[in-house]
Amino acid sequence: MTAFELIGTASSDVAQALHTLASVIPLAEPAPKGIDTNGVVTFFASKIAPILLAVLGVIFIGRASRGEISKVLTSSAIAIVGLAFIAGAATLFFVGDYLIDLIFE
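Read on for an overview of the structure. (Residues numbered from 1 in each chain as written. Predicted model: local features only at pLDDT ≥ 70, side-chain atom pairs only at ≥ 80, totals over all residues. Heavy atoms only, no water.)

## With respect to the overall build of the protein chain
Looking only at helices and strands, one finds three helices and zero strands in the protein chain. Each helix and strand of the protein chain, ordered N terminal to C terminal, gives the series α-α-α. Each of the 105 residues in the protein chain was classed as buried or not, and the buried ones make up 4%. A total of about 9,100 Å² of accessible surface is found on the protein chain, and carbon and sulfur atoms cover 76% of it. (Helix = DSSP H or I, 4+ residues; strand = E, 2+ residues; numbered from the N terminus. Buried < 20%, exposed > 50% of the residue type's maximum accessible area, 1.4 Å probe, protein only. Areas by Shrake-Rupley, 256 points an atom, 1.4 Å probe, with all protein chains shown as cover.)

## Description of the packing of helix α2 (residues 37-65) against helix α3 (residues 69-103)
At a minimum axis distance of 8 Å, the contact between α2 and α3 shows a crossing angle of 160 degrees. Judged on the interaxial angle alone, α3 and α2 are roughly antiparallel. When you trace α2 past α3, the crossing you get is left-handed. Here Leu53, Leu56, Phe60, Arg63 and Ala64 of α2 come into contact with α3, specifically with Ile69, Lys71, Val72, Ser75, Ser76, Ala79 and Leu83. Residue composition of the contact of α2 with α3, by class: eight nonpolar, two polar and two charged. (Axes fitted to C-alpha atoms, helices over the stretch in contact; angles between N-to-C directions. Parallel < 35°, antiparallel > 145°, perpendicular 65-115°, else oblique. Left-handed = near helix turned anticlockwise from the far one by under 90°. Contact = heavy atoms within 4.5 Å. Nonpolar A, V, L, I, M, F, W, Y, C, P; charged D, E, K, R; others polar.)

## Brief notes about a nonpolar patch on the surface
On the surface, Ile51, Leu53, Val55, Leu56, Ile59, Leu83 and Ile86 cluster together to form a nonpolar patch covering roughly 620 Å² of accessible area. Where the nonpolar patch is concerned, the elements lending two or more residues are α2 and α3. Relative to the assigned elements, Leu83 resides in helix α3. (Patch = residues over 30% accessible without salt bridge, like charges linked within 9 Å, V, L, I, M, F, W, Y side chains within 5 Å. Salt bridge = Lys/Arg side-chain N within 4 Å of Asp/Glu carboxyl O.)

Shape descriptors only; they carry no functional weight alone.
In structure tokens, the structure reads:
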């Protein structure tokens, strides 16, 4: 056999082997198309929010023990207003989702 015949035979064998491997090896999963916002919100609600509320509680108790009741009441009111804004944003999120489902059905 000449060198050209050996190269032709080897290249066809390699092509056949690659074709066989390509058909056996599963294709990769398609890349995600967006961010899992439900997972992010659940993570913050279950992990981050309780820690932040505990830190606020410790700060409030520390200030109250030093006699800074007015600062504690002011901070508590600000925290309650902030929680009300967060609850309002969550409510608007669900109302907006309902309106979008209603309009585009």
